[in-house]
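Structural features, examined
As a plain string of letters, each chain reads:
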Amino acid sequence: MRNYDKLIFEISKPGRVAYKLPELDIEEKQIEDMIPKEFLSDKELNLPEVSEVDVIRHYTNISNKNYGVDTGFYPLGSCTMKYNPKINEDMAGLDGFVNLHPYQPQSCVQGSLELMYELQNYLCEISGMDQITLQPAAGAHGELTGVMLIKAYHESRNDKKRNKIIVPDSAHGTNPATAAMAGYDIIEIKSTKEGLVDLEQLREAVGEDTAGLMLTNPNTLGIFDRGIKEIAKIVHDAGGLLYYDGANANAILGYARPGDMGFDVVHFNLHKTFSTPHGGGGPGSGPVGVKKDLVPFLPVPIVKKDNGQFYLDYDYPQSIGKMKDFYGHFGMLVRAYAYILSMGSDGLKKASQMAVLNSNYLKEHLKEDYYLPIETIYKHEFVLGGLKDPLSDVITLDIAKRLLDYGYHPPTVYFPLIINEALMIEPTETESKETLDEFIEAMKKIAKEAKENPELLKTAPHNTVVRRPNEVKAARDIIVKYEG
Amino acid sequence: MYPYIPHTDKDVEEMLKKLGLNDIEQLFDDIPKDVKLNRELNIPKAKSELEVRNRLIELANKNCSLSKVTSFLGAGAYEHYIPSVVNHIISRSEFYTAYTPYQPEISQGTLQYIFEFQTLISELTGMDVANASLYDGGTAVVEAALMACAYSKRENIIISKTVKPDARKILKTYAHAQSLNVIEVGIDDGITDLNELSNLVDENTAAVIVQSPNFFGIIEDLEKVSEITHKVKKTTVVASVDPISLGILKRPGDLGVDVAVGEGQSLGIPLSFGGPYLGFMAAKKEYIRKMPGRIVGQTEDLDGKRSFVLTLTAREQHIRREKATSNICSNQGLNSLAATVYIVTLGKKGIKEVALKSTQMAHYAFDELTKSGKLKSLFNKPFFIEFALKADKTTEEINQKLLENGIIGGFDLSKEYPQYENSSLYAVTEVKRKDDVDKLKSVLEGIL
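Residues numbered from 1 in each chain as written. Chains lettered and ligands numbered in written order. Predicted model: local features only at pLDDT ≥ 70, side-chain atom pairs only at ≥ 80, totals over all residues. Heavy atoms only, no water.

Definition in use: UniProt positions are given in the numbering used here, feature names are shortened, and annotations may be inferred rather than shown by experiment.
Under an unreviewed UniProt entry, the name given to chain B is Probable glycine dehydrogenase (decarboxylating) subunit 1, and the source organism is Soehngenia longivitae. Its UniProt record, at the heading Function (unreviewed entry), says of chain B: "The glycine cleavage system catalyzes the degradation of glycine. The P protein binds the alpha-amino group of glycine through its pyridoxal phosphate cofactor; CO(2) is released and the remaining methylamine moiety is then transferred to the lipoamide cofactor of the H protein." In UniProt, chain B has this text filed under Subunit (unreviewed entry): "The glycine cleavage system is composed of four proteins: P, T, L and H. In this organism, the P 'protein' is a heterodimer of two subunits."

Chain A is annotated in an unreviewed UniProt entry as Probable glycine dehydrogenase (decarboxylating) subunit 2 of Soehngenia longivitae. Entered under Catalytic activity (unreviewed entry) in the UniProt record, the comment concerning chain A runs "N(6)-[(R)-lipoyl]-L-lysyl-[glycine-cleavage complex H protein] + glycine + H(+) = N(6)-[(R)-S(8)-aminomethyldihydrolipoyl]-L-lysyl-[glycine-cleavage complex H protein] + CO2". The Function (unreviewed entry) field of the UniProt record for chain A holds the comment "The glycine cleavage system catalyzes the degradation of glycine. The P protein binds the alpha-amino group of glycine through its pyridoxal phosphate cofactor; CO(2) is released and the remaining methylamine moiety is then transferred to the lipoamide cofactor of the H protein."

**What to know about the pairing of strand β8 (residues 236–241) of chain B**
Residues and elements named next belong to chain B. Threshold: Whether a residue is buried, partly exposed or exposed follows from its accessible area with a 1.4 Å probe, protein chains only, as a fraction of its type maximum: under 20%, in between, or over 50%, in that order. Secondary structure elements follow DSSP: runs of H or I no shorter than four residues count as helices, runs of E no shorter than two count as strands, and numbering proceeds from the N terminus. The pairing criterion for strands is at least two bridges between them, as found by DSSP. Here, the term right-handed applies to a crossover whose path from the first strand over the helix to the second runs clockwise when the strands point away from the viewer.
Of all six residues in β8, six are buried; the element is thus mostly enclosed. Taking every second residue as pointing to the same face, both faces of β8 are buried, with Thr 236, Val 238 and Ser 240 on one and Val 237, Ala 239 and Val 241 on the other. Alignment of strand β7 (residues 205–212) against β8, held across six bridges, turns out to be parallel. Bridge pairing in β8 places Val 210 opposite Ala 239. Viewed along the sheet, the connection from β7 through helix α9 (residues 222–229) into β8 turns out right-handed. Alignment of β8 against strand β9 (residues 259–263), held across three bridges, turns out to be parallel. Paired with Ala 239 across the strands is Ala 260, a residue of β9.

**Quick look at the packing of aromatic side chains**
For clarity, the cut-off: Side-chain rings of Phe, Tyr and Trp (the six-membered ring for Trp) are treated as a pair once their centres are within 6.5 Å; stacked means planes under 30 degrees apart, edge-to-face means over 60, and tilted covers the remaining angles.
Tallying each qualifying case throughout the model produces 36 aromatic pairs over all chains. With a centroid separation of 6.0 Å and an interplanar angle of 50°, the aromatic rings of A:Tyr83 and B:Tyr4 are classed as tilted. You can see A:Tyr83 sitting in the loop between α2 (52–63) and α3 (86–92) and its partner B:Tyr4 sitting in the segment before α1 (9–18), one on each of two chains. Owing to a relative accessible area of 12%, B:Tyr4 belongs among the buried residues under this scheme. Seen in terms of ring centroids, A:Phe326 and B:Tyr277 are 5.8 Å apart; in terms of plane orientation they differ by 75°. Their pairing is edge-to-face.

**Here's the deal with the packing of helix α12 (residues 395–404) of chain B against helix α13 (residues 434–447) of chain B**
Residue and element names in this part refer to chain B. Worth spelling out the cut-off: In this description, a line fitted to the C-alpha atoms serves as the axis of each element, helices being fitted only across the stretch in contact, and the angle between N-to-C directions of two axes falls anywhere from 0 to 180 degrees. Between 65 and 115 degrees an angle is taken as roughly perpendicular, under 35 as roughly parallel, over 145 as roughly antiparallel, and anywhere else as oblique. By convention the crossing between two helices is left-handed if the near helix lies anticlockwise of the far one by an angle smaller than a right angle, and right-handed if it lies clockwise. Contacts were defined at the residue level, with two residues in contact if any of their heavy atoms lie within 4.5 Å.
Running from N to C, α12 and α13 point in directions that differ by 125°, and their axes come no closer than 10 Å. Classified by the angle their axes make, α12 and α13 are oblique. Crossing of α12 against α13: the hand is right-handed. The segment α12 lies against α13, with Ile 398, Lys 401 and Leu 402 engaging Leu 440, Val 443, Leu 444 and Ile 447.

**Comments concerning the UniProt feature "domain: Glycine cleavage system P-protein N-terminal" (unreviewed entry) in chain B**
In this numbering, the UniProt entry assigns the feature "domain: Glycine cleavage system P-protein N-terminal" (unreviewed entry) to residues 4–443 of chain B. As annotated, residues 4–443 of chain B comprises 36% helix and 15% strand, and the C-alpha atoms at either end are separated by 52 Å.

**A few points about the domain arrangement of chain B**
Operational definition: Each domain span listed reflects an automatic or database assignment of domains.
Domain assignment breaks chain B into domain 1 (9–61), domain 2 (70–81 + 349–447) and domain 3 (84–341). Its C-alpha centre places domain 1 of chain B at a distance of 51 Å from the equivalent point of domain 2 of chain B.

**Some words on empty space enclosed by the protein**
Let me state the cut-off plainly: In this analysis, the protein atoms alone were mapped onto a 1 Å grid. Cavities are point sets where a 1.4 Å probe fits without being able to get out; pockets are open sets with protein on both sides within 12 Å along at least five of seven lines; lining residues have an atom within 4 Å of a point. Grid points are joined across faces, edges and corners, and a volume is the space filled by probe spheres set on the points. Any residue outside Ala, Val, Leu, Ile, Met, Phe, Trp, Tyr, Cys, Pro, Asp, Glu, Lys and Arg is labelled polar, Gly included; the first ten of those are nonpolar and the last four are charged.
Under the defined criterion, the tally for this structure stands at nine cavities of 30 Å³ or more. Of the pockets and cavities examined, the largest cavity occupies roughly 210 Å³. In this structure, the largest cavity is lined by 17 residues; those nearest its centre are B:Gly76, B:Tyr78, B:Gln211, B:Pro213 and B:Asp242. Going through the elements one at a time, β8 and β9 of chain B are the ones with two or more residues in the lining of the largest cavity. Of the residues assigned to the lining of the largest cavity, the class counts are five nonpolar, eight polar and four charged. Residue contributions to the lining of the largest cavity reach at least three from each of two domains, namely domain 2 (70–81 + 349–447) and domain 3 (84–341) of chain B. Around the second largest cavity, the lining comprises 15 residues; the ones closest to its centre are A:Pro168, A:Ser170, A:Leu215, A:Thr216 and A:Asn219.

**Re the confidence of the model for chain B**
The test is simple: Values of pLDDT, which run from 0 to 100, indicate the predictor's confidence residue by residue.
Per-residue confidence for chain B averages 97 on the pLDDT scale, and 100% of its residues sit at or above 70. What the predictor reports for the complex is a pTM of 0.98 with an ipTM of 0.98.

**A look at the UniProt feature "modified residue: N6-(pyridoxal phosphate)lysine" (unreviewed entry) in chain A**
Residue and element names in this part refer to chain A. Where we set the bar: The term polar contact refers here to a pair of N or O atoms within 3.5 Å; inside protein, the definition further demands a hydrogen-donor-capable atom paired with an acceptor-capable atom, and it admits residues adjacent in sequence only when both atoms are side-chain atoms.
Feature annotation in UniProt assigns "modified residue: N6-(pyridoxal phosphate)lysine" (unreviewed entry) to the following positions: Lys 272. Here Lys 272 shows up in the loop between β6 (265–267) and β7 (288–290). By relative accessible area, which is 6% here, Lys 272 ends up buried. If sequence neighbours within four positions are ignored, Lys 272 has contacts with Ser 78, Cys 79, Thr 80, Lys 82, Ala 247 and His 278. Separated by 3.0 Å, the side chain of Lys 272 and the backbone oxygen of Ser 78 make a polar contact.

**Some remarks on the domain arrangement of chain A**
When its domains are assigned, chain A resolves into domain 1 (8–63), domain 2 (87–342) and domain 3 (346–458). In this structure, domain 1 of chain A and domain 3 of chain A have C-alpha centres spaced 49 Å apart.

This is the structure we're talking about:
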């Protein structure tokens with residue numbers, strides 16, 4: 001394949017077009033007769049002029065510089081890079097879903113509302129919660145919605161001294177960022193050596209100022225926190241609420257439900273657990289579920305059913321308000337709904353089984369050459385701490401970059417922060433034993449190379465279109481748009 | 001067997017053996033009994049692809065698609081023609097099955113289109129820097145408000161009542177959580193009351209937020225708003241703009257606006273019952289370190305080759321945790337690609353042509369619908385592609401009759417602005433023809 005390195009602006013040529021619009025069939029007016037001259041631009045926009053073939057070749061060529069789940073194994077921990085079924089895409093593209101305005105009369109959108117209603121119910125059952133809102137746009141947005149619900153709950157009880165959210169040090173960065181955005185101070189508590197919530201620390205941290213605790217379970221290390229009931233009790237006894245970050249839900253479908261563990265608020269990432277595409281960064285979707293005490297505060301509207309008719313219910317006088325425009329990322333909801341139908345109760349459980357099996361199988365092999373800080377049963381993911389050989393000066397970054405040469409997307413690196421040289425590996429259930437075996441072989445070769453020829457790793461990658469782009473330079477000599 | 005799970009029984013057996021186990025259930029022994037679900041989930045069993053397809057088609061067919069009726073709805077979501085190339089490009093799985101470009105060596109495709117997107121949005125808005133997207137137009141307004149508060153270390157946000165109602169509602173939700181103050185400015189003949197605005201702006205003002213064209217389709221005087229706002233130093237002017245309008249209207253960056261945000265749905269993204277859409281944010285360069293979300297920068301690799309990376313990440317949640325500028329992580333990635341391909345496909349001439357043709361159609365519709373005098377213009381101000389008309393009957397009654405004739409009428413303004421009873425907001429874009437407008441006119445005349 002030729003090495004294509006142009007920006008769209010560099011193939012522009014005056015006079016080219018890539019579109020054709022119909023001619024107007026009305027009598028045209030002078031623009032100044034419609035809009036006063038003072039508002040009209042007198043400059044030509046500096047936008048590209050290209051043909052349709054140019055557009056297609058350009059973006060096809062740059063797409064070839066990308067790596068996706070359809071390209072190969074993508075064990076990016078915490079991101080659940082499972083296969084995105086093609087039927088989902090086709091269904092989200094149906095005319096009756098795509099060409100639908102959000103403000104059409106509700107009698108015209110019954111199919112969409114029915115889908116949303118059923119999805120709300122499915123997610124309630126999967127999470128063990130009482131009501132779901134489909135409005136949040138992504139995981140972090142779901143977190144923010146959830147923490148605002150916790151705040152509204154305390155405020156409704158006139159309990160205004162609760163100004164702190166507790167977050168374990170293993171948490172995803174969005175947790176503390178979310179709590180801050182919701183106007184809370186953050187108390188970070190350290191994890192135990194096993195990566196679990198330290199109950200003593202938690203007991204010390206909670207009090208009259210505790211609004212809530214944000215937690216994932218299984219946690220960021222991929223370990224199911226057996227102390228969850230006790231954790232919930234400690235927080236609840238102090239008057240706080242429990243927030244479940246659904247980033248790791250793929251490990252426990254049909255096995256355990258946040259609602260049964262004692263959580264009051266939950267979000268799911270439909271783009272992780274329910275197979276909607278990650279889209280190079282989004283759009284995601286982050287539905288939030290709550291226990292009945294929090295239902296009155298949900299953002300409006302919620303889809304309801306009455307007499308066989310579906311409708312958008314805005315009648316929540318204590319609602320926190322709106323979190324985003326319209327009703328959520330409907331296109332993603334269609335995909336997740338199709339996925340849940342395809343998998344069924346049996347398939348979802350099977351997905352968690354195989355996700356956990358894949359993770360433990362990889363862990364068991366990789367710990368021979370890489371440092372496994374905690375020996376236990378893992379759930380859907382596990383975290384290694386660099387090479388087992390303590391004398392090696394090959395760091396996790398080098399391992400990740402060398403994996404690129406072997407044709408893999410590397411695991412999440414340097415997260416969670418509580419493990420040095422972390423390599424966070426989440427294989428997901430959609431990967432076969434053969435794929436895992438090949439990955440193990442590559443990882444073993446890399447460990448061997450680290451001993452025999454560390455320079456090879458230090459200078460990796462060698463086969464990619466670019467090699468270790470200079471991030472320091474990017475942040476220093478800021479170029480964030482093309483200037484010709 | 002399940003099509004997305006490749007494990008054979010033999011695979012499972014061999015893998016368990018490596019773990020020294022003989023039953024898959026042993027992998028879940030770590031979940032305490034009292035939290036384990038000891039029953040099947042109460043959702044239907046797995047279905048075949050054909051059954052799933054049939055069910056989804058059944059649901060889709062219960063909706064009345066705009067390909068079967070004629071709609072004059074806008075109010076923040078618009079019908080513009082989407083060239084076929086857009087869907088073909090965003091359907092390339094190299095793009096849509098990737099995630100955030102953490103590994104630049106194998107993400108140059110994503111990083112490059114974001115760089116192009118930032119360039120295109122900066123050019124459209126006349127700004128120095130754009131980010132790689134926010135959830136939607138409404139949350140983009142809110143992120144801009146929060147950024148202005150962080151930038152000025154002040155807590156008062158002034159927003160015009162002509163800004164779309166959803167954006168104002170979301171702003172109130174977020175502002176409440178952070179104990180920020182939202183002050184709304186009234187409406188004067190369909191635009192922001194500039195006298196009231198001038199009285200409100202003071203040294204506690206972090207931001208003044210307006211929308212142009214505003215919720216009623218009317219073009220606001222951004223230059224005057226900027227002039228009023230900038231009488232106080234470090235106060236940020238935020239304008240929410242329709243990117244298509246920038247094909248003919250002056251750009252916010254040329255009118256003294258500091259931060260331009262907006263809904264990018266008009267740029268090649270289908271209506272899709274309200275989402276996912278595309279929030280964008282562009283700003284003057286002094287805001288760059290306070291901006292939320294991803295930003296892509298150009299750099300060089302080990303061999304001196306031009307390459308692209310995520311940059312200024314010290315603003316972001318995965319680095320700064322509770323001190324981040326926003327909690328945003330996943331954004332609208334693929335929709336920013338759709339917008340990029342749309343803008344590039346329409347290009348220099350096309351964006352202008354879409355804006356002009358939409359304006360022509362909308363003004364034709366306005367002239368025709370107001371001819372008989374049964375419908376009157378609610379405001380007397382210049383509009384872009386949307387206008388408010390007042391009748392003697394309620395919008396609900398009118399729209400019901402229109403629907404019986406295969407027409408979806410305008411947005412009922414009285415729902416969000418009780419003072420504008422019997423008033424509808426009609427949107428007309430380049431996808432409408434003379435016949436569509438003439439039919440609307442003749443049916444309306446029969447009703448009124």
